[in-house]
Amino acid sequence: METSTTLYLALAALLAAFIVFTLLKGVIKMLLFSAAVIGGVLSWLLLERNGFSYIAFLTDQPKPWMVEAVAWTGGVLVFAVFLHGFSWFCSVFSFGRGMGTGGAKGILTTVLMVFVLIWVGSMGIGYMGDVGSIRYYHRLAQKHKGALQDTPTPSLFTRLRDLLGSEASTSWLAAINPMQDDTLSYLACLVAYGCTLDDEQARQYYEQQVAPLLPVPQPGRFLELFRDPALRLLVQQGKYVTLLESERLKTFLQYKDTERIIQSRIAPSRGKTAGLSSPGSPSRQ
């Protein structure tokens, strides 16, 4: 092949690559920004789940507000780092002001960006809604014991989660949420309620409400959960995220048909607070 032909082919390939890169730069910009959003959210979730363990290196008495502060600070910092890298990348490759804002390219970028933000936002709402449900049932048990005067209400995140799950236009978000585990959340709420009661109240709750409703293999294992000192301590200290991620609960669900039976009890809708209300609180004796 002549040198001139090779040169022309190389220039043509370079030109084609430049055209393709120009057409895709709006999508690249969207992907980079999405990486910043997802990186911040994942960091926040990691710190939410393991914050107590990290803070325990600094103080013997970690508090829930400390975990929240560390989680939000970490998430924002990671997002800022990603965003700074995104800005640097754009400046290096001279992504102009109008990049990805015109025509079909701009529409595609905007649609994908909005989808990523909605998806990540729904993941956060779902997870915080689960944590809020656990807190709600803990406080409901405190109300039953007489340790709380006011009747508790579901948190804002719990109500938002239930609203998203009850609407046909948004319920599909739950199907693409990799963090959603309705069965584990349901069990964590029952455990938070049972662990708040004293031994006699927990036994009544188990016999009158839980055992008839959830005929799992060896249902007495529920009572073992309610009396577990480690789980009771988590509920008492308000470590609801740690309770939700507890290996003890995951192991409980893995025994024979336990998970399938509990899944059949959960209402098909995403409104899990309403679905959980039927176990209720044990009647006063």
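Keep in mind the model is a prediction, meaning the values are calculated, not measured.

## A short note on the overall build of the chain
Working step 1: Of regular secondary structure, the chain possesses 13 helices and zero strands.
Working step 2: Along the chain, from the amino end to the carboxyl end, the secondary structure elements read α-α-α-α-α-α-α-α-α-α-α-α-α.
Working step 3: Buried positions account for 42% of the 285 residues belonging to the chain.
Working step 4: Counting contacts in the chain only where the partners sit at least 6 residues apart, residues at least 24 apart contribute 76% of the total.

## Describing the nonpolar core
Working step 1: Grouped together as the largest cluster of nonpolar side chains are 52 residues, with contacts concentrated most on F222, L249 and I262.
Working step 2: By residue number, the principal contributor to this core is helix α3 (residues 103-145), which donates 11 residues.
Working step 3: In this structure, L249 is in contact with L184, L187, A188, V191, L225, L231 and L243, ignoring residues within four places of it in sequence.

## Topic: the confidence of the model for the chain
Working step 1: Averaged over all residues, the pLDDT of the chain is 76; the fraction at 70 or higher stands at 72%.
Working step 2: Per-residue pLDDT stays below 50 along residues 95-102; that stretch engages in 13 contacts with residues further than four places along the chain or on separate chains.
Working step 3: pLDDT under 50 marks residues 268-285. Its contacts with residues more than four places away, or in other chains, come to 56 contacts.

## Regarding a nonpolar patch on the surface
Working step 1: A grouping of L46, Y54, F57 and L58 is seen on the molecular surface, where their side chains present a nonpolar patch of about 520 Å² in accessible area.
Working step 2: Topologically, L46 is positioned in helix α1 (residues 3-55).
Working step 3: Classification of L46 as partly exposed rests on a relative accessible area of 45%.

## Here's the deal with the layout of surface pockets
Working step 1: When its volume is computed, the largest pocket comes out at roughly 260 Å³.
Working step 2: The wall of the largest pocket is formed by 13 residues, among which G40, V41, W44, W72 and G124 lie closest to the centre.
Working step 3: Within the residue set of the lining of the largest pocket, elements represented by two or more residues are α1, α2 (64-92) and α3.
Working step 4: Residue composition of the lining of the largest pocket, by class: nine nonpolar, four polar and no charged.

## Describing the packing of aromatic side chains
Working step 1: Evaluation of the coordinates by the stated rule reveals six aromatic pairs.
Working step 2: Each ring, one from Y205 and one from F226, has its centre 5.7 Å from the other, and the planes form 25°; the classification is stacked. Separated by 21 residues along the polypeptide, Y205 in helix α7 (residues 199-213) and F226 in helix α8 (residues 220-227) bring together distant segments of the chain. Like Y205, the residue F226 is buried in the burial classification.
Working step 3: What links up through ring pairs into an aromatic cluster is the set Y193, Y205, F222, F226 and F252.
Working step 4: Sitting over the ring of F252, R221 keeps its end group 4.2 Å from the ring centre.

## Here's the deal with the pattern of salt bridges
Working step 1: Inspection of every chain in the model, using the stated rule, returns eight salt bridges.
Working step 2: Measuring nitrogen to oxygen at the nearest pair gives 3.0 Å for the salt bridge that ties D228 to R248. Of the two residues, D228 is situated in the loop between α8 and α9 (229-236) and R248 in helix α11 (residues 247-253); the sequence distance between them amounts to 20 residues.
Working step 3: Taking the relative accessible area as the measure of exposure, R248 reaches 32% and is therefore partly exposed.
Working step 4: R260 is paired through a salt bridge with D257; the nearest N and O atoms lie 3.6 Å apart.
Working step 5: Bridged by salt links that share partners, the residues D130, R161 and D162 form one connected network.

## Overview of the environment of G194
Working step 1: Mapped onto the fold, G194 is located in helix α6 (residues 182-196).
Working step 2: Taking the C-alpha atoms as reference, G194 lies 8.1 Å from R227; in sequence the two are 33 residues apart.
Working step 3: Not counting the four nearest positions on each side in its chain, G194 is found in contact with A202, Y205, F226 and R232.

## Observations concerning the packing of α6 against α9
To characterise two packed helices, one gives the angle between the axes of the helices and the distance between these axes.
Working step 1: Where α6 meets α9, the closest approach of the two axes is 9 Å, and the angle between their N-to-C directions is 95°. When the interaxial angle is binned, α6 and α9 end up roughly perpendicular. Contact residues: α6 offers V191, A192, G194, C195 and T196, while α9 offers L231, R232 and V235.
Working step 2: Along the lines of polarity and charge, the residues of the contact of α6 with α9 split into five nonpolar, two polar and one charged.

## Thoughts on unusual backbone geometry
Working step 1: Notably, Q218 is not glycine yet its phi reads approximately 50°, a positive angle.
Working step 2: Its location among the elements puts Q218 in the loop between α7 and α8.
Working step 3: Phi at K256 is positive, roughly 50°, even though this residue is not glycine.
Working step 4: Structurally, the position occupied by K256 is in the loop between α11 and α12 (258-265).
Working step 5: Here K256 falls in the exposed class, since its relative accessible area comes to 63%.

Thresholds applied
- Residues numbered from 1 in each chain as written.
- Predicted model: local features only at pLDDT ≥ 70, side-chain atom pairs only at ≥ 80, totals over all residues.
- Heavy atoms only, no water.
- Helix = DSSP H or I, 4+ residues; strand = E, 2+ residues; numbered from the N terminus.
- Buried < 20%, exposed > 50% of the residue type's maximum accessible area, 1.4 Å probe, protein only.
- Contact = heavy atoms within 4.5 Å.
- Core = buried A, V, L, I, M, F, W, Y, C linked by side-chain atoms within 4.5 Å.
- pLDDT = per-residue confidence, 0-100.
- Patch = residues over 30% accessible without salt bridge, like charges linked within 9 Å, V, L, I, M, F, W, Y side chains within 5 Å.
- Areas by Shrake-Rupley, 256 points an atom, 1.4 Å probe, with all protein chains shown as cover.
- Salt bridge = Lys/Arg side-chain N within 4 Å of Asp/Glu carboxyl O.
- 1 Å grid on protein atoms, 1.4 Å probe; cavity = no way out; pocket = protein on both sides within 12 Å on 5 of 7 lines; lining within 4 Å.
- Points joined across faces, edges and corners; volume = space filled by probe spheres on them.
- Nonpolar A, V, L, I, M, F, W, Y, C, P; charged D, E, K, R; others polar.
- Phe/Tyr/Trp six-rings, centres within 6.5 Å; stacked < 30°, edge-to-face > 60°.
- Lys NZ or Arg CZ within 6 Å of the ring centre and 35° of its normal.
- Axes fitted to C-alpha atoms, helices over the stretch in contact; angles between N-to-C directions.
- Parallel < 35°, antiparallel > 145°, perpendicular 65-115°, else oblique.

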